Amino acid sequence: MNKLFFCILFSILILLLSDSLSAQNIYITKLNDLNFGDVFIGYSKDIPHTDINASKFRFYHTATSRKIIYLSFILPSRLSNGLDQIPITFDQNHTAWSYKDKTSGRTNFNPYSKFSIKNVRSNRMVYIWLGANLPAMAGVSYGLYEGTIILTVEY
Amino acid sequence: MKLITVKILFLILICGSLSAQSRVNASVPIHISLVKGLSMNLLRSSLDFGEIIQNPAISKISKNAKDGILFEVAGNPGKNITINYSATQLTNSKWAHNFGSQQGNIDFIPSIMISSTTEMNNPLQISNGSVVNLSKENDGKLFVSIGGDINIASSQPAGDYLGNFSLTVTY
């Protein structure tokens, strides 16, 4: 009898742990860097989320059930060329997600707070776009300024 | 029996909470190439062929670019620029109108030189549409001088011939 119970218990454990035992069950792909290209010193530049140069991610999960997916970003406030720094701003108007890889029908969200997408079914693609604004800066040196955006997807 | 059931439920609860967690990070770089704008500063403004006395033996007058118009072009060190210009015609129409003389035109064939110094040391002749790199060693500065040739016909109407020459520099 005890053996039977342990067999049942073991089976349940395997089933329930299958998600957590697998090495990974959320898969993110970075599809595009956030690329401002050439910006003249003293001029501002805006990259909306619909711009081809906006950063773009795609993710899906392989959990067996629908999940509430939480998204959060770590965003730089300044970019550096090793000599000078320039500010960069992100906001809700420059950030969006959608189930479809289209410019229409996207939903904006605030990249500075944790955002949730409810009832995301297994293997369903979710797209994330992030643009930004570069205010006009005078008195800075020319060169390549860089920074990093970190996106965390979890459930 | 009861103890086993309790243990099973306990393990189910723990496993349920374990399986609910998953977290993945992805990073994306941001690139911005901050560029100095292009500027052109006129250092020497005129290309004057002087007074020419008509002589059937002389049909072509040349002016060395080193003695002609001189521009300083400043831009982003390391960037390429394209230099465009066009041939132009000089006309004596204003002079002819004032003095009731015959109107005429003279073709101006430009000759463009570039150098890294205002003295136009080691000049390099360029053609229309040439792509030139703004040297980092010279802090993105380039000097462009304009000279050229004019062809004078033996029956060329007399007068003061004037014309405008346009030079365009773009990234």
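Residues numbered from 1 in each chain as written. Chains lettered and ligands numbered in written order. Predicted model: local features only at pLDDT ≥ 70, side-chain atom pairs only at ≥ 80, totals over all residues.

Here's the deal with the overall build of chain B
Which entries qualify depends on this criterion: Secondary structure elements follow DSSP: runs of H or I of four or more residues count as helices, runs of E of two or more count as strands, with numbering from the N terminus. In this scheme every C-beta is placed from the backbone, and a residue whose C-beta has 20 or more other C-beta atoms within 10 Å is buried, one with 12 or fewer is exposed, and one in between is partly exposed. C-beta atoms are placed from the backbone for every residue, and two residues are taken to be in contact when these atoms lie within 7 Å.
A count of helical and extended segments in chain B gives two helices and eleven strands. Sequence-ordered secondary structure for chain B, helices as α and strands as β, is α-β-β-β-β-β-β-α-β-β-β-β-β. A burial count over chain B gives 19% of its 171 residues as buried. When contacts within chain B are restricted to residue pairs at least 6 apart in sequence, those whose partners lie at least 24 apart make up 76%.

Section: the overall build of chain A
Counting its regular elements, chain A contains one helix and 13 strands. Secondary structure of chain A in N-to-C order comes out as α-β-β-β-β-β-β-β-β-β-β-β-β-β. The burial tally for chain A puts 27% of its 155 residues in the buried class. In chain A, the share of contacts with a sequence separation of at least 24, taken over all contacts with a separation of at least 6, comes to 73%.

A short note on the environment of Tyr127(A)
All names here are of chain A. Inspection of the secondary structure assignment puts Tyr127 in strand 11 (residues 126-130). Remark: the alpha-carbon pair of Tyr127 and Arg106, spanning 21 residues in sequence, is separated by 9.2 Å. With sequence-adjacent residues up to four places away left out, Tyr127 is seen in contact with Lys56, Arg58, Trp97, Ser98 and Asp101.

With respect to the sheet that holds strand 5 (residues 80-85) of chain B
Residues and elements named next belong to chain B. The following threshold applies: Two strands make a pair as long as DSSP finds a minimum of two bridges between them. Only C-alpha atoms enter the line fits that serve as axes; for helices the fit covers just the stretch in contact. Angles between N-to-C directions range over 0 to 180 degrees.
Strand order in the open sheet made by the three strands is 9-5-11, with antiparallel pairing throughout. Single-partner strands in this sheet number two, and they are strand 9 (130-133) and strand 11 (167-170). Pairwise comparison of adjacent strand axes, ignoring direction, gives a mean angle of 30° for this sheet.

Re the sheet that holds strand 1 (residues 26-32) of chain A
All names here are of chain A. Here five strands make up an open sheet; going across it, the order is 1-4-11-8-9 and the pairing antiparallel. Every interior strand has two partners, whereas the edge strands, strand 1 and strand 9 (107-108), have only one. Bridge count for strand 4 (residues 55-61) against strand 11 is five bridges, and the pairing is antiparallel. Note that in strand 11 the partner of Ser55 across the bridge is Leu130.

What to know about the environment of Ser166(B)
Residues and elements named next belong to chain B. Here Ser166 shows up in the loop between strand 10 (141-151) and strand 11. The exposed category is assigned to Ser166, around which 8 C-beta atoms lie within 10 Å. Between the C-alpha atoms of Ser166 and Ser86, which are 80 residues apart in sequence, the distance is 6.9 Å. Filtering out sequence-adjacent residues up to four positions away, Ser166 remains in contact with Tyr85 and Ser86.

Side note on the nonpolar core
Heads up, the rule is: By our criterion, buried Ala, Val, Leu, Ile, Met, Phe, Trp, Tyr and Cys residues that link up through C-beta atoms within 7 Å make up a nonpolar core.
Grouped together as the largest cluster of nonpolar side chains are 32 residues, with contacts concentrated most on Leu34(A), Ile128(A), Leu130(A), Ile149(A), Leu151(A) and Ile32(B). Every element with two or more residues in this core is listed here: strand 2 (34-40), strand 4, strand 5 (67-74), strand 8 (95-98), strand 11, strand 12 (132-134) and strand 13 (143-154) of chain A together with strand 1 (23-35) of chain B. The contact partners of Ile149(A), leaving out residues within four places of it in the chain, are Leu34(A), Ser55(A), Phe73(A), Leu75(A), Leu130(A), Ser27(B), Val28(B) and Ile30(B).

Let's talk about the confidence of the model for chain B
Residues and elements named next belong to chain B. The line we're drawing: Confidence of the predictor in every single residue is expressed as pLDDT, which spans 0 to 100.
A residue-level look at chain B finds 88% of positions with pLDDT of 70 or above and a mean pLDDT of 86. Ignoring residues within four places in sequence, the model shows residues 13-18, a span with pLDDT below 50, making six contacts including any to other chains. Reported for the predicted complex are a pTM of 0.71 and an ipTM of 0.80.

Structural notes on the pairing of strand 11 of chain A
With four bridges joining them, strand 8 of chain A and strand 11 of chain A adopt antiparallel strand pairing. For Thr95(A), the partnering residue across the bridge sits in strand 11 of chain A and is Leu130(A).

With respect to unusual backbone geometry
Phi at Asn119(A) is positive, roughly 55°, even though this residue is not glycine. By secondary structure assignment, the location of Asn119(A) is in strand 10 (residues 115-120). Its identity as a non-glycine residue notwithstanding, Met120(B) has a phi of 55°, on the positive side. Following the sequence through the fold, Met120(B) ends up in the loop between strand 7 (105-115) and strand 8 (124-126).

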